[in-house]
Structures are given as structure tokens and as C-alpha cells.
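Reading the structure
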Amino acid sequence: DKIRIDTVDSYQGKENLIVIYSIVRNNNEGPENTIRQGFLLEPNRLNVALSRAKDRLIIVGSKDRWADSTTLSKVSNVVDQLVEKGSAKVVPADD
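Residues numbered from 1 in each chain as written. Predicted model: local features only at pLDDT ≥ 70, side-chain atom pairs only at ≥ 80, totals over all residues. Heavy atoms only, no water.

Turning our eyes to something else, we now look at the nonpolar core. If you look at the biggest cluster of nonpolar residues, it comprises 11 residues: Val8, Tyr11, Tyr21, Ile23, Leu46, Val48, Ala49, Trp66, Leu72, Val75 and Val79. Not counting the four nearest positions on each side in its chain, tyrosine 11 is found in contact with Arg4, Asp6, Asn16, Val48 and Arg52. (Core = buried A, V, L, I, M, F, W, Y, C linked by side-chain atoms within 4.5 Å. Buried < 20%, exposed > 50% of the residue type's maximum accessible area, 1.4 Å probe, protein only. Contact = heavy atoms within 4.5 Å.)

For the structure shown, the criterion picks out two salt bridges. Across the pair arginine 4 and aspartate 6 runs a salt bridge whose closest N-O atoms are separated by 2.1 Å. In this structure arginine 4 comes out as partly exposed when scored by relative accessible area, which is 39%. Taking relative accessible area as the criterion, aspartate 6 reaches 37% and is therefore assigned partly exposed. Notably, a salt bridge pairs arginine 56 with aspartate 55, separated by 3.9 Å at the nearest N-O pair. A residue is classified by how much of its surface remains accessible, and aspartate 55, at 51% relative accessible area, is exposed. (Salt bridge = Lys/Arg side-chain N within 4 Å of Asp/Glu carboxyl O.)

Okay, the environment of leucine 82 next. Here leucine 82 lies in helix 2 (residues 71-85). Among the residues examined, leucine 82 registers a relative accessible area of 33% and is labelled partly exposed. When sequence neighbours within four positions are dropped, the list of residues in contact with leucine 82 reads Ser87 and Ala88. (Helix = DSSP H or I, 4+ residues; strand = E, 2+ residues; numbered from the N terminus.)

Turning to the side chain of arginine 52, a few remarks are in order. Inspection of the secondary structure puts arginine 52 in the loop between helix 1 (43-50) and strand 4 (53-60). An unpaired buried charge is present at arginine 52: no salt bridge exists, and glutamate 15, the closest side chain of opposite charge, is 6.0 Å distant. Separated by 3.4 Å, the side chain of arginine 52 and the backbone oxygen of lysine 14 make a polar contact. (Lys, Arg positive; Asp, Glu negative; His and termini not counted. Polar contact = N/O pair within 3.5 Å; in protein donor to acceptor, adjacent residues only side chain to side chain.)

A cluster of nonpolar side chains, Leu17, Ile18, Ile20, Val24, Ile58 and Val60, forms an exposed patch at the surface whose accessible area comes to about 550 Å². Going through the elements one at a time, strand 1 (16-22) and strand 4 are the ones with two or more residues in the nonpolar patch. It is strand 1 that contributes the most residues to the nonpolar patch, three residues altogether. Tracing the backbone shows leucine 17 in strand 1. (Patch = residues over 30% accessible without salt bridge, like charges linked within 9 Å, V, L, I, M, F, W, Y side chains within 5 Å. Areas by Shrake-Rupley, 256 points an atom, 1.4 Å probe, with all protein chains shown as cover.)

As C-alpha cells, this is what we get:
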């Protein structure tokens, strides 16, 4: 009962010490096989997802896929600032 796997929608009003948030997308569509952001573009859902951790938030996904001029790009900018301050870390995937 110490580990919960849930959706963003079910986490409204709840918190955990550590939250692992997966934003891995696998829905290639379109002429250039672009990955659609889907509900990740909805600021209210993203707010719930990013504000549920009491101590540590781990985001699993590709920062390169966070489209410009979206809420995720704003999150990316904040992550970059936190990395500069030493408060966050971006771990590249092994190729």
C-alpha cells in the first residue's frame, strides 16, 4: 500500500512523498510521424500532475518532444532554471 499507480485525473486533491510522472507518448500520427501532445497540453491536468509530490517529482519523458509555445515548453524552461541552480537534474537516455 506504499506504492500507487494512478491516472492524473484520479490524483486531484491527493499527494505523495515521491511522484513519478510518465509523459512518454507513443501515438505517431500525421505526415511526418509527429507525436501529438494530447492531454499534456491541458494546463489544469498538467498542474495536478506536477503539484502532487511533497518531496520529489520525477518526470519520465523526452524534453525534445515538449512542443514550443505550450505549457510543457514552459515547464521545460523551469526545469532548465532548476538545473542551473542545482535543484534539478536531467538524465539523458542511453542511446
